[in-house]
Amino acid sequence: MAKTKTTFFCQNCGAQFPKWIGKCNSCNEWNTIVEEVIQKEEAKSWKSPNTERKVTKALKLKEITAVNEERIGTFNNELNRVLGGGLVKGSVVLLGGEPGIGKSTLLLQIALRMKNKVLYVSGEESMTQIKLRADRLKNSNENCLILTETKTQHIFNVAQETAPDVIVIDSIQTLHTEYIEASPGSISQIRETASELIKYAKETDTPVVLIGHITKEGNIAGPKILEHMVDVVLQFEGDRNHTYRILRAQKNRFGSTAELGIYEMQHTGLREVDNPSEILISEKDSDLTGTAISATLEGMRPLMIEVQSLVSTAVYGTPQRSCTGYNIKRLNMLLAVLEKRAGFKLGAKDVFLNIAGGLRVEDPAIDLAVVSAVLSSNSEISIPQNICFAAEVGLAGEIRAISRVEQRIQEAEKLGFEKIILSKFSKIAKKNYKIEIIKVSKIEEVIKVLFQV
Ligand code: TYD
Ligand code: MG
């Protein structure tokens, strides 16, 4: 038996130290260094220790034959889109998200919908729990095998016996390898089990999907290293009180990270939302003040999003500003612009802003809708429901052009909007749109168009 060896790991960034220190030299966090037992044996391959290694050879680029990576379709359009067309053979995908957001549901649903042989390994739930969940999901894949196991060596044994096309691991934090003595979920266990799985994936050409928990700060728990090791990092997010969930790629070695998948959580699992624009605009009977609709883009997909704002007289000396789904600093900046350029005295007003549907929007094209919603609430004049917006607002109160404007116009037209307000500098090649395009260059002009003052 080898001597017990321990090392000190930073639980935040995964850096390794020979002795305990109070502050991590690598990420500057305090009190994150923890001692872990790492007694390791020589071989740590997923196979038997004496596997022969291939001698590798360096090649010129032209000697390498380019083959398109083979992909396995997941029978889930949203996931396929985010992955860039399906699971690439031999790739490792990490799916992160808050507890209860629906990670297990999503992957079980996909495992049950696929035609391929899937090995679904759960270290978190019992067979009966999974069975109950599967019954709710109402899909059944004859080839889906369920395994409740946490020891990687046992998982590899089962995988060798059953030769699955895809392996799903729920979750990486519950796994442990017998080559290391640290407890499951610790940095060294996560690192080792992940590298064993990656090795397995590459050597057998089987895609492996890992579920990862995230910390309070929203990072995938465990070392950042995990994110560097895998091929694709997906983030499943959304407000738990809303039914909509968003799947984003943070890193993708085989596709774009700009794509987005939208789901709705129902009692029978996650429904794919094909046409998100329709659901993100709330239904209203009469003209309400303080709402404006923006034509935004998430990845390659145009989305019509409703911005809701409430401006009221401040009760306390310092006015409150609160945002849901939008950057509060950006809101403060836009309010300052309004104050300076349009003469609105918002300093004594509380301003609340909400993006409908529990989405988080980063697209600057939403600025003009934010400004308009605030103005509408402030002046108690509603914005006609047939108008939408797509432009960025600059510090000088200028209305700036945004990217891929035609795609936004088309989406607005498709959804029956009659007017779209854009920057004067937007370049539009096609001329014959049914929708009326109103071009503005300054905030003052927007006010004139909207409120005829
Ligand atoms: P789960 O997949 O267990 O979350 P995670 O693995 O990310 O922790 O999702 C659990 C939530 O999803 C739970 O609060 C109930 C809800 N849910 C539904 O609303 N409908 C369903 O069909 C299922 C299976 C779960
Ligand atoms: Mg789960």
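Scroll up to find the structure.
Source: prediction; values computed, not measured.

Asks: Help me understand the overall build of the protein in this model?
Replies: A tally of helices and strands in the protein yields eleven helices and 23 strands. Considering only C-alpha atoms, the protein reaches an extent of 85 × 55 × 50 Å along its principal axes. A fraction of 66% describes how many contacts in the protein between residues 6 or more apart in sequence connect residues 24 or more apart. When the accessible surface of the protein is totalled, it reaches about 22,100 Å², and 50% of it is carbon and sulfur.

Asks: How should a nonpolar patch on the surface be read in this particular structure?
Replies: Taken together, Leu59, Leu61 and Ile64 make up a surface patch of nonpolar side chains, about 340 Å² in accessible area. Among the structural elements, Ile64 can be located in the loop between strand 3 (33–37) and strand 4 (71–72).

Asks: Would you take a moment to explain the site of ligand 1 for this structure?
Replies: The environment of ligand 1 is made up of 15 residues, and the closest members are Gly100, Ser104, Thr105, Gln266 and Gly269. Between Gly100 and ligand 1, the recorded distance is 2.7 Å, taken from a backbone N or O atom to an oxygen atom. The separation between a nitrogen atom of ligand 1 and a polar main-chain atom of Gln266 is 2.6 Å. Within the complex, the protein chains bury 74% of what would otherwise be the 560 Å² of accessible surface of ligand 1. Those elements that place two or more of their residues in the shell around ligand 1 are helix 2 (103–113), helix 3 (127–137) and strand 13 (260–266). Split by residue class, the shell around ligand 1 holds three nonpolar, eight polar and four charged.

Asks: Looking at this structure, I do not really get the sheet that holds strand 12 (residues 244–252). What am I missing?
Replies: Think of a sheet as strands paired side by side through backbone hydrogen bonds, with each pair either parallel or antiparallel. With mixed pairing, nine strands are arranged side by side in an open sheet as 8-7-9-10-6-11-12-13-14. Because the sheet does not close on itself, it has two edges, and the strands there are strand 8 (144–148) and strand 14 (269–272). Pairs of neighbouring strands in the sheet enclose a mean axial angle of 25°, with direction left out of account. In this fold helix 2 packs onto strand 6 (92–97), strand 7 (118–122), strand 8, strand 9 (166–170), strand 10 (208–213), strand 11 (232–237), strand 12, strand 13 and strand 14, with an angle of close to 70° to the strand it touches most, strand 14. With respect to the sheet, helix 5 (residues 187–204) is in contact with strand 6, strand 9 and strand 10, its orientation differing from that of strand 10 by roughly 160°.

Asks: Can you help me understand the packing of aromatic side chains in this one?
Replies: One pair of aromatic rings is described through two measures. These are the centre distance and the angle between the planes. Going through the model one piece at a time under the given rule, you end up with two aromatic pairs. Residues Phe236 and Tyr263 carry aromatic rings whose centres are separated by 6.0 Å and whose planes lie at 80° to one another, so their mutual orientation is edge-to-face. Separated by 27 residues along the polypeptide, Phe236 in strand 11 and Tyr263 in strand 13 bring together distant segments of the chain. Take Phe236 and Tyr263: they sit in the same class, and that class is buried. The ring of Phe75 is capped by Lys115, whose NZ or CZ atom sits 4.5 Å from the centre of that ring.

Asks: It is not clear to me how the pairing of strand 13 should be interpreted in this structure. Could you clarify?
Replies: Note on strand geometry: in a regular strand, side chains alternate between the two faces of the sheet. Counting buried positions along strand 13 gives five out of seven residues, so the element sits mostly inside the fold. With five bridges connecting them, strand 12 and strand 13 associate as antiparallel partners. Bridge pairing in strand 13 links Leu247 to Gly261. Bridging between strand 13 and strand 14 involves four bridges; their strand directions are antiparallel. Paired with Gln266 across the strands is Gly269, a residue of strand 14. Hairpin geometry of strand 13 and strand 14 is characterised by an intervening segment of two residues between the two adjacent antiparallel strands.

Asks: Mind showing me how you'd approach the environment of Ile38 here?
Replies: Examined against the element boundaries, Ile38 turns out to sit in the loop between strand 3 and strand 4. Residues Ile38 and Ser188, 150 residues apart in the sequence, show an inter-C-alpha distance of 7.0 Å. Those residues in contact with Ile38 that lie beyond four places of it in its chain are Lys5, Thr6, Thr7, Phe9 and Ser188.

Asks: How do you make sense of unusual backbone geometry when you look at a structure like this?
Replies: Most peptide bonds take the trans configuration, and most residues that are not glycine carry a negative phi. At the junction of Asp170 and Ser171, the peptide bond is cis and its omega measures out at 0° in the coordinates. Of note, Ser171 is situated in the loop between strand 9 and helix 5. A positive phi angle, near 65°, is found at Asn28, a position not held by glycine. The residue Asn28 is located in the loop between strand 2 (16–17) and strand 3 in this model. For Phe75, which is not a glycine, the phi torsion comes out positive at approximately 55°. Mapped onto the secondary structure, Phe75 falls in the loop between strand 4 and helix 1 (77–83). In this structure Phe75 comes out as partly exposed when scored by relative accessible area, which is 41%.

Conventions we followed
- Along each chain, residues carry numbers from 1 onward, in the same order as the chain's sequence is written.
- For naming, the first written chain is A and the first written ligand is 1, with later ones following in the order written.
- The predicted nature of this model means local features are confined to residues of pLDDT at least 70 and side-chain atom pairs, given and counted, to a pLDDT of 80 or more, with totals for whole chains, interfaces and linings taken over all residues.
- For the side-chain quantities, the full set of heavy atoms in the structure was used; hydrogens and water were omitted.
- Runs of E in the DSSP output that reach at least two residues are strands. Runs of H or I that reach at least four are helices, and both are numbered from the N terminus.
- Contacts are assigned to residue pairs that have any heavy atoms within 4.5 Å of one another.
- All accessible-area figures derive from a Shrake-Rupley calculation using a 1.4 Å probe, and residue coverage is judged against the displayed protein chains alone.
- Think of a patch as exposed residues, more than 30% relative accessible area, with no salt bridge, where like charges cluster within 9 Å and nonpolar side chains (Val, Leu, Ile, Met, Phe, Trp, Tyr) cluster within 5 Å.
- Take a side-chain nitrogen of Lys or Arg and a carboxyl oxygen of Asp or Glu: if they are within 4 Å of each other, that pair is a salt bridge.
- We call a residue near a molecule or strand as soon as one heavy atom of that residue lies within 4 Å of the molecule or strand.
- Identification of polar contacts relies on pairs of N or O atoms within 3.5 Å, with a donor-acceptor requirement for protein atoms, meaning one able to donate a hydrogen and the other able to accept it, and with residues adjacent in sequence counted only if both atoms are side-chain atoms.
- Residue polarity is assigned by list, with Asp, Glu, Lys and Arg as charged and Ala, Val, Leu, Ile, Met, Phe, Trp, Tyr, Cys and Pro as nonpolar; anything else, Gly included, falls into the polar class.
- When DSSP finds at least two bridges between two strands, those strands are taken to pair.
- Simply put, an axis is a line fit to the C-alpha atoms, just over the touching stretch for a helix, and the angle between two N-to-C directions goes from 0 to 180 degrees.
- Under the pairing criterion, centres of Phe, Tyr and Trp rings, with the six-membered ring standing for Trp, must be within 6.5 Å; the plane angle then separates stacked pairs below 30 degrees from edge-to-face pairs above 60, leaving the rest tilted.
- The classification of residues rests on relative accessible area computed with a 1.4 Å probe and restricted to protein chains. Under 20% of the type maximum is buried, over 50% is exposed, and intermediate values are partly exposed.
- We call a charge positioned over a ring when the NZ of a Lys or the CZ of an Arg lies within 6 Å of the ring centre and within 35 degrees of the ring normal.

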